[in-house]
Amino acid sequence: MVLSGRSRLGTTVYWATHYLMIAAFVAFALFPLFWLLKVSVTPNDILYTEGVRMWPSRITWDNYAFVLTKSSFPHFFLNSVIVSGSTAFITTIIAAMTGYAFSRFAFRGKVVIIALMLITQMFPLVMLIAPIFRILAPLGLTDSLTGLIIVYTAFNVPFATFLMQSFFDGIPRDLEEAAMIDGNTRFEAFRKIILPLTLPGVAATLGFVFTAAWSELLFALMLVSSESASTFPVGLLSFVSKFSVDFGQMMAAGVLALVPACLFFLLIQRYLVQGLTAGAVKG
Amino acid sequence: MASIEIANARKSYGAVHVLHGIDLAIADGEFIVLVGPSGCGKSTLLRMIAGLEDITSGDIRIGDDIVNDLQPRDRDIAMVFQSYALYPHMTVAQNMSYALTLRKTAKERIAESLAGVSEILGLNALLDRRPKALSGGQRQRVAMGRAIVRKPRAFLFDEPLSNLDARLREQMRTEIRKLHRRLNATSVYVTHDQIEAMTMADRIVAMHDGIIQQVGTPIEIYDHPANIFVASFIGSPAMNFLHGTCIKTDTTSAIRFADGHILPVAPRPGLYAGQEITLGARPEHVAIAAPETPGALPARVDLIEPMGLSTLIHVTLAGHELKIFTMDRPAFAIDSTIHIAFDIDKTHIFDRNSELRLPPVIKAPEETTKETSGANGT
């Protein structure tokens, strides 16, 4: 019994250390978020006067009210939702079909195409801004949401394709062959049998592309000049003026910007968790 | 149900030739087993019949139709895969009725077929389960059910028992055979397991390197293998092979081994003095003999494997390792010398260069052995 008592103590210490480390990590990762929230509800007059406090002595929703009613933020949000949603949707459809082709078919030039797609991922975006601007300008695609969607889609398709391909690789070919013998065409087999099984992959790809587009700043800043086509990361900069930074409103906008992304992940999280652990255990 | 006819079917991937002109006629209701080692082209041939692989040249006919260019779904065949390939997101009932649903069969008809088939296969209690909640054996049964429920023109099986444990495999082997009797369905069954081939087939098609080596009933193939490959592949424990040179007088033929020992063999047409030959003897056709027995040769005991019902003795003779099958329980010491004798009438002689079997003397014209009739000459 002494032995089991000692081992019980050992187990407790072992798990306590585990949870402590996880808690420390979570605290570290989430602290900026907490600070975002804290500053967003701190009244402007005590923001600098109270010193460093974990929570202000009084709170206000004025910053939120201002951002929602008196600034262009709702418009920026809408732009961001349109751009990120469309990019995620279009990219995932293209990536699903391309990934399936890479996973299932042997065709001439396959290796070259894969290599080219990898190469696109190697350049820093800054290098490509100028040529992309020169290409999009005559087409009337600068200063437009469509232009942003096209550029984001083009940049996200390669990685999304490889992501989808890895999910398709995990699904045995026998399944669609069985479906084809049962009476499906290949496309029907893909749609009715393979795609439902890759939902976790689809969710992961959607989530990845959505967040990438949601938080993209460089292209949004360079390709769009008017306020009407600005996305929210660009909009955030409007709180920085030459003489001051309006932290309260900026943070309130930041918190609001988290909402769509959180909602989106809430929607797909069921599939996402399956997706990220797919193949980890024998099905 | 329908017959299947394959005429000069070839398959190549670029410069790699996988199948070199396959000719095979499968009768309506016949159970054919394609057997051979990995890479012999048996699965490719099956997939060509299914329409999952293109045919490089030649024709495949199911019933009266040439199906070369038909999609798998238009061939009216059913296939059971090694992995079972059950749709994970569908229940057993949905899995089994999927093909019928696609064919827009009336719901009552589907329910009727489903009830009939699940009764035969004992799946009644499992119809609402998903595949992941089933054991290997049950999954296998569902895969069978999915094929049967459609009443296709032919069944194709791609190593369907490979993923089962030995006992379940044996049980399913019997069940598939019984099912075949019941449905009398044209079936093509691919396996690398020669025991499955022997026990299940109406006719075996032995394949190697993309060529059909021999077609025949299991017993024909066992007793009259066309060449060294078939002789070595079919039968467990495998046939013993001893290399030597033919010596001949006017009246007798014999094989001389490298160590000088001589063994008389039954005369065969085509056997000539100095010919390099291989003697093939199944383990049950080699016996332990008294030293004074005519033709008995000394051999060293290497290993004794008791198997309960029988015993397998490993010996070395003239540098060749042999296995001897006996129903006795001998108590030889390892490394001791014993004498063994061959059942001369049942041993086979193969030409070492062509690897073909030299058939024994033909006693009457109608007794022509069948083993070469299906063999492909390419």
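Note that the structure is a prediction, hence the values are computed from the model and not measured.

1. Some details on the interface of chain A and chain B
- Between chain A and chain B, the contact holds 16 residues from the first and 23 residues from the second.
- Each partner contributes to the roughly 1,700 Å² buried at the junction of chain A and chain B, and carbon and sulfur atoms together form 61% of this total.
- Summed over the shared surface of chain A and chain B, the number is two salt bridges.
- With a closest N to O distance of 3.6 Å, B:Arg150 and A:Asp182 form a salt bridge.
- In this structure, the connection of chain A to chain B is made through ten residue pairs in polar contact (both at pLDDT 80 or more).
- Contributions of two or more residues to the side of chain A that touches chain B are made by helix 8 (173-182) and helix 9 (186-197) of chain A.
- For the side of chain A that touches chain B, the element with the highest residue contribution is helix 8 of chain A, accounting for eight residues.

2. A closer look at the side chain of A:Gln165
- Structurally, A:Gln165 is set in helix 7 (residues 145-169).
- Overall, A:Gln165 belongs to the buried group, its relative accessible area being 16%.

3. So, the domain arrangement of chain A
Residue and element names in this part refer to chain A.
- Entries for chain A in the domain assignment read domain 1 (2-40) and domain 2 (72-277).
- Centre-to-centre, using C-alpha coordinates, domain 1 lies 34 Å away from domain 2.
- When the two sides are added together, the surface that domain 1 and domain 2 hide from each other amounts to roughly 480 Å², 91% of it contributed by carbon and sulfur.
- Contact with domain 2 buries area across many residues of domain 1, yet Leu36, Val39 and Ser40 alone supply 79% of it, more than any other trio.
- Where domain 1 meets domain 2, there are zero salt bridges.
- Between domain 1 and domain 2 we count zero residue pairs in polar contact (both at pLDDT 80 or more) in total.

Rules used throughout
Residues numbered from 1 in each chain as written. Chains lettered and ligands numbered in written order. Predicted model: local features only at pLDDT ≥ 70, side-chain atom pairs only at ≥ 80, totals over all residues. Heavy atoms only, no water. Contact = heavy atoms within 4.5 Å. Buried area = accessible area lost by both parts, 1.4 Å probe. Salt bridge = Lys/Arg side-chain N within 4 Å of Asp/Glu carboxyl O. Polar contact = N/O pair within 3.5 Å; in protein donor to acceptor, adjacent residues only side chain to side chain. Helix = DSSP H or I, 4+ residues; strand = E, 2+ residues; numbered from the N terminus. Buried < 20%, exposed > 50% of the residue type's maximum accessible area, 1.4 Å probe, protein only. Domains from an automatic or database assignment.

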